[in-house]
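Remarks on the overall topology
Single-letter residue listing:
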Amino acid sequence: MERIRAEIITEANLFIGDNPSTFEIGGIDLYTKTDYNNRPQIPASSIKGTMRKIVRDMESEEIAVKIKESYKRYLENLKRNSCEQNKKIQETNNGSLAERLSRLEAKMDDAINNASAQYLFGIKAFNDTPKLIFSDFNMKDPKEKAPFSVDTKNTIKNQDDPEKISSNPRTYKTVRPGIAFSGEIIFYHLDALEEYDLSEAEIKKFVESVLLKFNEGVYRLGNSGSRGYGKIHVKILGE
């Protein structure tokens, strides 16, 4: 099964919101995401969500259009096959499933009409379609003793009376710059799109180009990007 292995190195503080394990007066207000060993972790959902945004911004590019069209043709063929099966089901059930099958057909039409390169990340209401599966990115060196940084953010609040201004300091526990994480992206049934003129090699090249967009510094991981958080550098690793 095809996959992409990558390394992420933090170039600024990284904060991916998580709940503190205990409440401490005068302690940390907000903690970055950690694994069960209390080591910092970049969850798959964070990487996937930001990459989806990057792909959305690239929708007009030639390869993104090709991916869109391949998914559209894939879904059209899936619909044709489903309709044939549904007719047989309706005949054997005296039409009792007609309403449910009609709703399914409407969902398929909606997916076809809204086809996008973002379908690489999954299609709403469809579970078993060709897609990318993301792992969590874990610390490359689990023996790193000081992966965290503590940062304080001041929020200026206007509490009812515009004449009264108050400061509300909050303390964040973030991942410090210079921490390396590694993980992978697995190609799930993406070879099924080869029938529609899209090779796994083309998909791999595109996904790698999306990952490398992080190196431009515009796209950030996690929260508080406006404060300079979340800047990362990505390396594509060999097999």
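Presented here is an overview of the structure given in this document.

Rules behind the numbers
- Residues numbered from 1 in each chain as written.
- Predicted model: local features only at pLDDT ≥ 70, side-chain atom pairs only at ≥ 80, totals over all residues.
- Heavy atoms only, no water.
- Helix = DSSP H or I, 4+ residues; strand = E, 2+ residues; numbered from the N terminus.
- Contact = heavy atoms within 4.5 Å.
- Areas by Shrake-Rupley, 256 points an atom, 1.4 Å probe, with all protein chains shown as cover.
- Axes fitted to C-alpha atoms, helices over the stretch in contact; angles between N-to-C directions.
- Parallel < 35°, antiparallel > 145°, perpendicular 65-115°, else oblique.
- Nonpolar A, V, L, I, M, F, W, Y, C, P; charged D, E, K, R; others polar.
- Buried < 20%, exposed > 50% of the residue type's maximum accessible area, 1.4 Å probe, protein only.
- Phe/Tyr/Trp six-rings, centres within 6.5 Å; stacked < 30°, edge-to-face > 60°.
- Expected span 1.5 Å × (residues − 1).
- Arc of directions from axis to C-beta.
- Salt bridge = Lys/Arg side-chain N within 4 Å of Asp/Glu carboxyl O.

Here we come to the overall build of the protein. A count of helices and strands for the protein gives four helices and 10 strands. N-terminal to C-terminal, the α/β element order of the protein is β-β-β-β-α-α-α-β-β-β-β-β-α-β. Long-range pairs, those at least 24 residues apart, make up 75% of the contacts in the protein with a sequence separation of at least 6. Accessible area for the protein stands at about 13700 Å²; split by element, carbon and sulfur atoms hold 45% of it.

Relative orientation of the contacting elements helix α1 (residues 44-57) and helix α4 (residues 200-212) amounts to 105°, with a least axis distance of 10 Å. The orientation of α1 relative to α4 falls into the category roughly perpendicular. Residues M51, I54 and V55 of α1 pack against F206, V207, V210 and L211 of α4. Taken together, the residues of the contact of α1 with α4 sort by class into seven nonpolar, no polar and no charged.

Let us now look at the environment of M1. Secondary-structure assignment places M1 in the segment before β1 (3-10). Taking relative accessible area as the criterion, M1 reaches 67% and is therefore assigned exposed. When the C-alpha atoms of M1 and I186 are compared, they prove to be 7.4 Å apart, with 185 residues separating the residues in sequence. Residues contacting M1, with those up to four places away along its chain left out, are I186 and F187.

This brings us to unusual backbone geometry. Positive phi is not limited to glycine here, since H189 has a value of about 55°. Residue H189 is classed as partly exposed on the basis of its relative accessible area of 38%. At D197, a position not held by glycine, the phi torsion is positive, near 65°. Relative to the helices and strands, D197 is located in the loop between β9 (180-188) and α4.

For the coordinates displayed, the defined rule picks out four aromatic pairs. Ring geometry for Y71 against Y119: centres 5.8 Å apart, planes inclined by 85°, an arrangement best described as edge-to-face. Of the two residues, Y71 is situated in helix α2 (residues 62-92) and Y119 in the loop between α3 (98-113) and β5 (131-134); the sequence distance between them amounts to 48 residues. Considering the side-chain rings of F121 and F134, the 6.0 Å spacing of their centres and the 20° angle between planes classify their relative orientation as stacked. With F121 in the loop between α3 and β5 and F134 in strand β5, this residue pair connects regions lying 13 residues apart in the sequence.

Next up on the list: α1. Compared with the 20 Å implied by 1.5 Å per residue over 14 residues, the 20 Å span of α1 between its first and last C-alpha is a close match. Looking only at α1, the buried set comprises A44, S46, I47, T50, M51, I54 and V55. Each buried residue of α1 sits inside an arc of 165° when the element is viewed along its axis, so together they form one side. Residues of α1 that are buried make contact with β1, β4 (41-42), β5, β6 (137-139), β9 and α4.

On to the pattern of salt bridges. Pairs can form between side chains of opposite charge once their charged atoms are near each other. Counted under the stated rule, the structure contains 12 salt bridges. With a shortest N-O distance of 2.9 Å, E184 and R3 are connected by a salt bridge. Within this pair, whereas E184 is found in strand β9, its partner R3 is found in strand β1, the two being separated by 181 residues in sequence. According to the relative accessible area criterion, E184 is buried, its value standing at 18%. With a shortest N-O distance of 3.7 Å, R5 and E184 are connected by a salt bridge. Here E184 lies in strand β9 and R5 lies in strand β1, a separation of 179 residues in the sequence. The network of salt bridges with common partners includes R3, R5 and E184.

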